[in-house]
Amino acid sequence: MSKKKKGFGKFLAGALVGAGLGVLFAPKKGSETRKELKLKMDELICKLKEVDVDEVRNEVECKITEIKNELADLDKEKVLKIAKRKANQIQDMASELVSYVKEKGTPVLEELALSVKEKAINVTKEVLNKLENED
């Protein structure tokens, strides 16, 4: 579906909803409001006839297939693999922090950096253990 058609569809839907709400909340007699609402609904039906049903169906089917594929791809092993890679990255970053602080020769910061590294390692281990032990 072209962007132009999608944009027009969204615009049309918004315009119709807005028009319908405007008609419902307008300070007019009930019979006039119902008459205007019927006209707006008739307009909607006419506009719906212009929609390419096959194109919409194909687009929806395509999106559903994409979602199914992504869900099938999101299994425990893949999540665990990603988590392990991230855990290693975090530990490497914490080690770099410690090295940097050591290089700058700041003992107080070195202790804190070591503490951060230790905590990062513990947290990543906890997350990995939790992922590995989930059923």
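Because the structure is predicted, anything quoted here is derived from the model rather than measured.

A.B. asks: What am I meant to see in the nonpolar core here?
C.D. replies: Across soluble globular proteins, nonpolar side chains show a tendency to be buried alongside one another. Among the nonpolar cores identified, the biggest contains five residues, and these are L80, A83, A87, L128 and L131. If you list the elements that add at least two residues to this core, you get α4 (76-103) and α5 (107-133). The leading source of residues in this core is α4, at three residues. Setting aside residues up to four positions removed in sequence, L128 forms contacts with L80, A83, K84 and A87.

A.B. asks: Could you clarify how one ought to interpret the confidence of the model for the protein in this entry?
C.D. replies: Close inspection of predicted coordinates is inappropriate in any region flagged by low pLDDT. Looking at the protein, pLDDT values average 76 and 73% of them are 70 or higher. No element of the protein has a lower mean pLDDT than helix α1 (residues 3-25), which averages 61, and none a higher one than α4, which averages 87.

A.B. asks: What is the right way to look at α5 in this model?
C.D. replies: Since the α-helix advances by 3.6 residues per turn, residues separated by three or four positions end up pointing in the same direction. Here α5 contains 27 residues, and its C-alpha end-to-end distance of 39 Å stays within 8% of the 39 Å for a straight helix at 1.5 Å per residue. Regarding α5, the residues found buried are A113, A120, T124, L128 and L131. Buried-residue contacts for α5 involve α4.

A.B. asks: Looking at this structure, I do not really get the packing of α4 against α5. What am I missing?
C.D. replies: Working note: a packed helix pair is described by the angle between its axes plus the distance between those axes. Orientation of α4 relative to α5, taken along the N-to-C sense of each, is 175°, at an axis distance of 9 Å. The orientation of α4 with respect to α5, classified from their angle, is roughly antiparallel. Counted by class, the contact of α4 with α5 contains 17 nonpolar, four polar and six charged residues.

A.B. asks: When you look at the side chain of T124 in this model, what are you seeing that I'm missing?
C.D. replies: Here T124 lies in helix α5. There is a polar contact of 2.9 Å between the side chain of T124 and the backbone oxygen of I121. Excluding residues within four positions of it along the chain, T124 makes contact with A87, I90 and Q91.

A.B. asks: Just to check I follow, could you spell out the pattern of salt bridges for this structure?
C.D. replies: Side-chain pairs of opposite charge can arise where the charged atoms are in close proximity. For the structure shown, the criterion picks out two salt bridges. K63 serves as the salt-bridge partner of E66, at 4.0 Å between the closest nitrogen and oxygen. Pair noted here: E66 and K63 are both in helix α3 (residues 53-73), with a separation of three residues, about one helical turn. A salt bridge links K84 to E132, with the nearest nitrogen and oxygen atoms 3.5 Å apart. Of this pair, K84 sits in helix α4 while E132 sits in helix α5, placing them 48 residues apart in sequence. A relative accessible area of 37% means that K84 is categorised as partly exposed. Classification of E132 as partly exposed rests on a relative accessible area of 37%.

A.B. asks: Looking at this structure, I do not really get a nonpolar patch on the surface. What am I missing?
C.D. replies: Residues L44, L48, V51, V56, V60 and I64 make up a contiguous nonpolar surface patch of about 450 Å² in total accessible area. Elements represented by at least two residues in the nonpolar patch include exactly α2 (30-49) and α3. For the nonpolar patch, the leading source of residues is α3, giving three residues. Within the secondary structure, I64 sits in helix α3.

Definitions and limits used
Residues numbered from 1 in each chain as written. Predicted model: local features only at pLDDT ≥ 70, side-chain atom pairs only at ≥ 80, totals over all residues. Heavy atoms only, no water. Core = buried A, V, L, I, M, F, W, Y, C linked by side-chain atoms within 4.5 Å. Buried < 20%, exposed > 50% of the residue type's maximum accessible area, 1.4 Å probe, protein only. Helix = DSSP H or I, 4+ residues; strand = E, 2+ residues; numbered from the N terminus. Contact = heavy atoms within 4.5 Å. pLDDT = per-residue confidence, 0-100. Expected span 1.5 Å × (residues − 1). Axes fitted to C-alpha atoms, helices over the stretch in contact; angles between N-to-C directions. Parallel < 35°, antiparallel > 145°, perpendicular 65-115°, else oblique. Nonpolar A, V, L, I, M, F, W, Y, C, P; charged D, E, K, R; others polar. Polar contact = N/O pair within 3.5 Å; in protein donor to acceptor, adjacent residues only side chain to side chain. Salt bridge = Lys/Arg side-chain N within 4 Å of Asp/Glu carboxyl O. Patch = residues over 30% accessible without salt bridge, like charges linked within 9 Å, V, L, I, M, F, W, Y side chains within 5 Å. Areas by Shrake-Rupley, 256 points an atom, 1.4 Å probe, with all protein chains shown as cover.

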